[in-house]
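Chain and residue survey
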Amino acid sequence: MGRLKVFIVSYDVSDPKRLYRVHKTMKGFGDPIHYSVFRCNLSDKDKIELIAILSEIIKHDEDRIMIIDLGFACGDVDNRIDLIGVHPEENNNQAIIF
Amino acid sequence: MDGEEVPDLIPARMLNEFTYCPRLCYIEWVQGEFEDNADTVDGRFQHRRVDQSRGVVPDSEEIKEFNARSVDISAPETGIICRLDLVGGNGKSVTPVEYKRGSVPDVEGGAYESDKVQLCAQGLALKENGYECSEGMIYFVKSKRKVSVPFDDYLINRTKELLDSLREMAASGKIPPPLIDSPKCIRCSISGICLPDEINSLRESEKADEGTLQVRKFLPARDDQVPLYVSGYGQLLRKKGERIEIWSKKEKLGDAKIRELSQVSLYGGVSATTPVFTELLQRNIPISYFSYGGWFYGFSQGNSHKNVELRIKQFSVAGDNEKSLKLAQKFVNGKILNCRTILRRNDQGVSTDVLSSLKKLANDAESSENFRTLLGIEGGAAQIYFSRFNSLLKSQDEWFLFNNRNRRPPKDPVNAVLSYLYGVMVKEFFVTLLATGFDPYLGFYHQPRYGRPALALDLMEEFRPIIADSVTFTLFNNGELSESDFICRGLGVTMTPEGKKTVLNGYERRINTEVKHPLFGYKVSYRRIFEVQARLIARVLDGEIDEYPPFLTR
Ligand code: SF4
């Protein structure tokens, strides 16, 4: 409970309307790192909610979603990711102050 | 709750919870508190298929085979109301089916008593409505297996017996004690509200007077959400899909995922669109409003907390001088002791005289006879403490010297930062108290006058020195704040927008720091400790524990 894990979520959705809805949902759970690939910091509860929402949107015989668990956010997740080229900044779960 | 007020019909789901743990049932049903965890969300997700009601249950006279999902049924005689996930039958004879997430448990009969009793209550309701019903089924989604539960005399009697005790508990208006060292608490979604081990060990120690109590840590689900602060002139918050975007004129400053937010604070001339407000209110994310200078104006909140019982107790204790004084003494005692700890740790030149006077005042607070003497004691302690405040500041630059505690407007940078942080803290406690079901305006120590959130101020006392004061001198000592962060006007000193951001950052850093709770021995963030302390006040009002234990740093 309470501890966040890092997940990579990628999706293939064949219909543009559903694609838009999946993308919109994903924006609420994580940050886009590539086209159709998100990095999300989720609790156990968040993950189940995400799966529940996505299951309602996609067509199970046409679309697909992959969720990869990279382990706890405070662990050595970043050592397991190599980035080449331009990449967006990560949100690290701190107060947002403007 | 008065006996007559107990609803006639008890939901079968509540009978399930009562069987699992009577306290769980009381907190959820009588007090109206609820918190989701991964298990409860998953439970709903697994139920989603059956929750769309389909099919009809034919009149018990008709003879044919049928299947119906998500059927509501009530039985006034038995005193039960329930929703049947699935009911299948052939003519008069029917079988209710209850869906459960997870796998068949490794217990006798393949089902927990709580689930069996819930099912049996459904069976009783069906019988009362004219059906024949001699058994039910539990379908375990994960193992895709059905377990049959025969409604034998033993189960029926047990179910009726539990129904009676549930009624009795609800009518008594007394919260049942927490389970002792039970593995059930680990899976319980409201353990962060119930605090089973904390309450049990406090009750024990009130008898025995021990030191640190070793208890299991029940983390709240909300711990990973973050606050959003926006300050400035003419900034606008807009909703875009699942996020809130922050705009300044034509320029987008950034965005925040709504589901990650715990609260939103708006300073000065920041506005937000109606979709932003409705979304935040629907999700129960409170919005606080401040002046530029950090004066806390008020807040918006979705439908208010359901725990009326707690508010009734709060009002009755607030009207009881003796009980209020007892709580107030603890708040002041905690504050003075924490001031003393701050000096002992950070003020090299502090004399033992100062430390022992503070110690004595803290003791005096506990035995003060009335509010007037208590106020006097607090004032005396504050004077001693603030007279040493300058030696907490490393830089002896004249600009940063602290003379006296002054406000409205603050006359030096240190006072400006202190005032700003006190404003932020009032909001923090205000929001925490709301979330725990209190009315923040009615306090036990501070008088409920001039629109002051008195209870927020009460609970804040013990934390002022270790949060606001400590953040203040740390920011100056680390050189994070410098002359350029302040504007000196004839009347007083204010902070620049950059300065305010630095202060907020320092504050957030501080309250997210994990510290060891001196009573319970586990490590948690200050933010979580605020909530635990608020819940401990609730337990004092409940009469579960006698004395409020203030949070004391070591
Ligand atoms: S935490 Fe334990 S004692 Fe408290 S309500 Fe849940 S099961 Fe009952």
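Conventions used here
Residues numbered from 1 in each chain as written. Chains lettered and ligands numbered in written order. Predicted model: local features only at pLDDT ≥ 70, side-chain atom pairs only at ≥ 80, totals over all residues. Heavy atoms only, no water. UniProt positions renumbered as here; feature names shortened; annotations may be inferred. Helix = DSSP H or I, 4+ residues; strand = E, 2+ residues; numbered from the N terminus. Rg over C-alpha atoms; globule rule 2.2 N^0.38 Å. Buried < 20%, exposed > 50% of the residue type's maximum accessible area, 1.4 Å probe, protein only. Pairing = 2+ DSSP bridges. Axes fitted to C-alpha atoms, helices over the stretch in contact; angles between N-to-C directions. Contact = heavy atoms within 4.5 Å. Polar contact = N/O pair within 3.5 Å; in protein donor to acceptor, adjacent residues only side chain to side chain. Near = heavy atom within 4 Å. Nonpolar A, V, L, I, M, F, W, Y, C, P; charged D, E, K, R; others polar. Buried area = accessible area lost by both parts, 1.4 Å probe. Salt bridge = Lys/Arg side-chain N within 4 Å of Asp/Glu carboxyl O.

As named in an unreviewed UniProt entry, chain B is CRISPR-associated endonuclease Cas1, taken from Methanoplanus endosymbiosus. Listed in UniProt under the heading Subunit (unreviewed entry), the comment for chain B reads: "Homodimer, forms a heterotetramer with a Cas2 homodimer."

Under an unreviewed UniProt entry, the name given to chain A is CRISPR-associated endoribonuclease Cas2, and the organism recorded is Methanoplanus endosymbiosus. Among the UniProt annotations of chain A, the heading Cofactor (unreviewed entry) holds the following wording: "Mg(2+)". What the UniProt record of chain A gives under Sequence similarities (unreviewed entry) is the line "Belongs to the CRISPR-associated endoribonuclease Cas2 protein family."

**A word on the overall build of chain A**
A count of helices and strands for chain A gives two helices and five strands. For 98 residues, the compact-globule formula gives about 13 Å, and the C-alpha radius of gyration of chain A, at 14 Å, lands near that figure. With the C-alpha coordinates aligned to their principal axes, the bounding extent of chain A is approximately 35 × 35 × 30 Å. When burial is assessed residue by residue, chain A has 42% of its 98 residues classed as buried.

**Overview of the sheet that holds strand β3 (residues 37-42) of chain A**
Residue and element names in this part refer to chain A. The four strands are arranged β2-β3-β1-β4 in an open sheet whose pairing can be described as antiparallel. Edge positions in the sheet fall to β2 (30-34) and β4 (64-72), since each has one partner strand and no second. Here the average twist between neighbouring strands, direction ignored, is 25 degrees. Relative to β3, helix α1 (residues 16-29) is tilted by about 40 degrees, and along the sheet it contacts β1 (5-12), β2 and β3. Sitting on the sheet, helix α2 (residues 44-57) touches β1, β3 and β4, and the angle it makes with β3 is about 140 degrees.

**Describing the UniProt feature "binding site: Mn(2+)" (unreviewed entry) in chain B**
Residue and element names in this part refer to chain B. When the UniProt feature table is mapped to this numbering, "binding site: Mn(2+)" (unreviewed entry) covers Glu378, His446 and Glu461. Spanning 84 residues, the named residues nonetheless gather at one spot, since no C-alpha pair among them exceeds 12.3 Å. The exposure class assigned to Glu378 is buried, which follows from its relative accessible area of 12%. Not counting residues within four places of it along the chain, the set of residues in contact with Glu378 comprises Val332, Lys335, Tyr445 and Glu461. Within the local environment of Glu378, its side chain forms a polar contact with the side chain of Lys335, the two groups lying 2.7 Å apart. Mapped onto the fold, His446 is located in the loop between α14 (413-435) and α15 (454-460). Judged by its relative accessible area of 13%, His446 falls in the buried class. Each residue touching His446, except ones within four places of it in the same chain, is listed here: Arg452, Ala454, Leu457, Asp458 and Glu461.

**What about the site of the ligand?**
By nearness alone, every residue bordering the ligand is listed as Cys21, Leu24, Pro178, Leu179, Cys185, Cys188, Ser191, Cys194 and Pro196 of chain B. Class assignment of the residues belonging to the shell around the ligand gives a composition of eight nonpolar, one polar and no charged.

**Looking at the interface of chain A and chain B**
The interface of chain A with chain B comprises 28 residues on the first partner and 34 residues on the second. Contact between chain A and chain B buries roughly 2,700 Å² in total, counting both sides, with carbon and sulfur atoms accounting for 61%. At the junction of chain A with chain B, the criterion picks out four salt bridges. Among the salt bridges present, the one from Lys257 of chain B reaches Asp31 of chain A, with a minimum N-O distance of 3.4 Å. Of all the secondary structure elements, the ones that give two or more residues to the side of chain A that touches chain B are α1, β2, α2 and β5 (96-97) of chain A. Looking at the side of chain A that touches chain B element by element, the count peaks at nine residues for α2 of chain A.

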